Amino acid sequence: MHARGRRTALAVTTATALAACAAYALATAADARAQAPGADGRIHFTVDDERDLPDARPGDGTCAAPAPDGRCTLRAAFDEAGASGQPTTIALPAGLYTLNLNRGAAPPVAGPAYAGLYVPSGADVRLEGAGAAVTVIRLGLALSETRMIIVAESARLDVTGATLRAAGAHSAIQTYGRLTVADAVLSGCSPCTSVVSVDFDGTLAMTRTVVADNKVDTVLFLWGSAVVVSSTFQHNVVASQVLYAYGAARFEASAIIGNEFAMLTSWGGGGGHVQLHHSTVADNVIRLWDFGGAPMFGSGPLTLEHTTIAGNRATAERGPMVLFRSDRLAITASIVADNGTLGDVYIPSAGCIVPTIVSHGDSVVDQSSCADPARGDRVVADADLGPLVDAGGPT
């Protein structure tokens, strides 16, 4: 072999060896950074890179995107959490995190192709932002079938302290498992099929969360069940219903105000009992014509307890508003008043068209069809309600 050829071969061999050494060094460094469960029994990752990059080696215990820097991205943290089989907490500092990939690591970590982020079956993930005002996750893809986050069956996801903006997606979150959302904002989902979709066997627990400024077909699509506490639904434009309830839904100390929708609730025919406790439904506009009027609450059992339904309007061309077209209404210590149509002439609501009304008394209503005076309800011409104001509470 000529000397020049020997030198070239030696250079190639040396370069290959150096590359192997570098790869080994990166792998060794990653292994050294592999996380062991903390005192709470959970793996803890802190995201330190706003880019959308997958994990280099899902399941190795390290949140690290591919070389050269190997930093921890949001997607890498989800990939690692899904592959590790360990309960995982992901700390997400203040920042804007844009999801541009609709697929990260190889299946089953990444899930279906239309998943932005994926929590696979058996995984337990907590996503802890620094606060909804400063930690924002947005979808950079305008794909109508994309779900920003999918939670698989038998999986759990807890989201706190973050804003989710899923513009152009099918939905912000679709869950087949257990989903908890707290101290968060769900906004900017436009146009979307739903903000949150809860499938069969899935559950949603929402606390101190604002769902606002979305343009969707349905806000909450429930095949499973939901409990909503101290949360606000505001300034959403909804083509169909705010709540589709095949499963049961319970609202506690929550407000549904200033929205535009075809119907507030509709019933899917399952066990979809809708309950509103210590809540307010006010200043909404209804734009659906149905059965000679604009129904606010559709079919299915409905319970009102210490709840105010007031100041809601149907557009004049839709005819008189029908407040309740439910199969069964149970009402306790609630106010139902000042609901009717928009336009030059105010037309009071048509009241309640309900086969069975069970009153537990102490309600104030301006429609006799929604009350039982024998139980202590007061039917009044004017409930003398003031305008809706911010009283400083959580909703």
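Higher on the page you've got the structure.
Now for a description of the structure that goes with this document. (Residues numbered from 1 in each chain as written. Predicted model: local features only at pLDDT ≥ 70, side-chain atom pairs only at ≥ 80, totals over all residues. Heavy atoms only, no water.)

Let us look at empty space enclosed by the protein. Tallied over the entire structure, the rule returns 4 cavities of 30 Å³ or more. In this structure, the largest cavity encloses a volume near 50 Å³. Surrounding the largest cavity, V242, L243, F251, I256, L264, T265, V274 and L276 form its lining. (1 Å grid on protein atoms, 1.4 Å probe; cavity = no way out; pocket = protein on both sides within 12 Å on 5 of 7 lines; lining within 4 Å. Points joined across faces, edges and corners; volume = space filled by probe spheres on them.)

Let us now look at the sheet that holds strand β34 (residues 356-359). Strand order in this open sheet of 12 strands is β1-β2-β5-β8-β11-β14-β17-β20-β23-β27-β31-β34, and the pairing throughout is parallel. Two strands lie at the open edges of the sheet, namely β1 (43-46) and β34, each paired on one side alone. Geometrically, the sheet is characterised by an average inter-axis angle of 10 degrees between neighbouring strands, direction not taken into account. Both strand β20 (residues 249-252) and strand β23 (residues 274-277) contribute to a ladder of 4 bridges, which runs parallel. Paired with F251 across the two strands is L276, which belongs to β23. Lying on the sheet, helix α2 (residues 74-84) is in contact with β1, β2 (88-92), β5 (124-129) and β8 (156-160); it crosses β2 at an angle near 175 degrees. (Pairing = 2+ DSSP bridges. Helix = DSSP H or I, 4+ residues; strand = E, 2+ residues; numbered from the N terminus. Axes fitted to C-alpha atoms, helices over the stretch in contact; angles between N-to-C directions. Contact = heavy atoms within 4.5 Å.)

Attention now moves to the side chain of T98. Here T98 lies in strand β3 (residues 95-99). For T98, the side chain forms a polar contact with the side chain of R138, separated by 3.4 Å. Beyond its immediate stretch of four places on either side in the chain, T98 contacts E50, D52, R138 and G140. (Polar contact = N/O pair within 3.5 Å; in protein donor to acceptor, adjacent residues only side chain to side chain.)

What follows deals with the state of the cysteines. Between two cysteines, a covalent bond joining their sulfur atoms is known as a disulfide. The tally for this structure, following the rule as stated, stands at 3 disulfides. With its bonded cysteines labelled in order along the sequence, the chain shows the pairing 1-2, 3-4, 5-6. (Disulfide = S-S within 2.5 Å.)

Cis geometry marks the peptide bond from A67 to P68; its omega dihedral reads 20 degrees. Position of P68 among the secondary structure elements: in the loop between β1 and α2. A cis amide bond links S190 with the next residue in sequence, P191, at an omega value of -15 degrees. Here P191 shows up in the loop between β12 (185-187) and β13 (192-198). Positioned with a positive phi, A333 is a non-glycine residue whose angle comes to about 45 degrees. Note on placement: A333 falls in the loop between β31 (328-332) and β32 (335-337). Here the phi dihedral of D362 falls at roughly 70 degrees; this positive angle occurs in a residue that is not glycine. Inspection of the secondary structure assignment puts D362 in the loop between β34 and β35 (364-365). Exposure remark for D362: the relative accessible area of 60% places this residue in the exposed category. (Buried < 20%, exposed > 50% of the residue type's maximum accessible area, 1.4 Å probe, protein only.)

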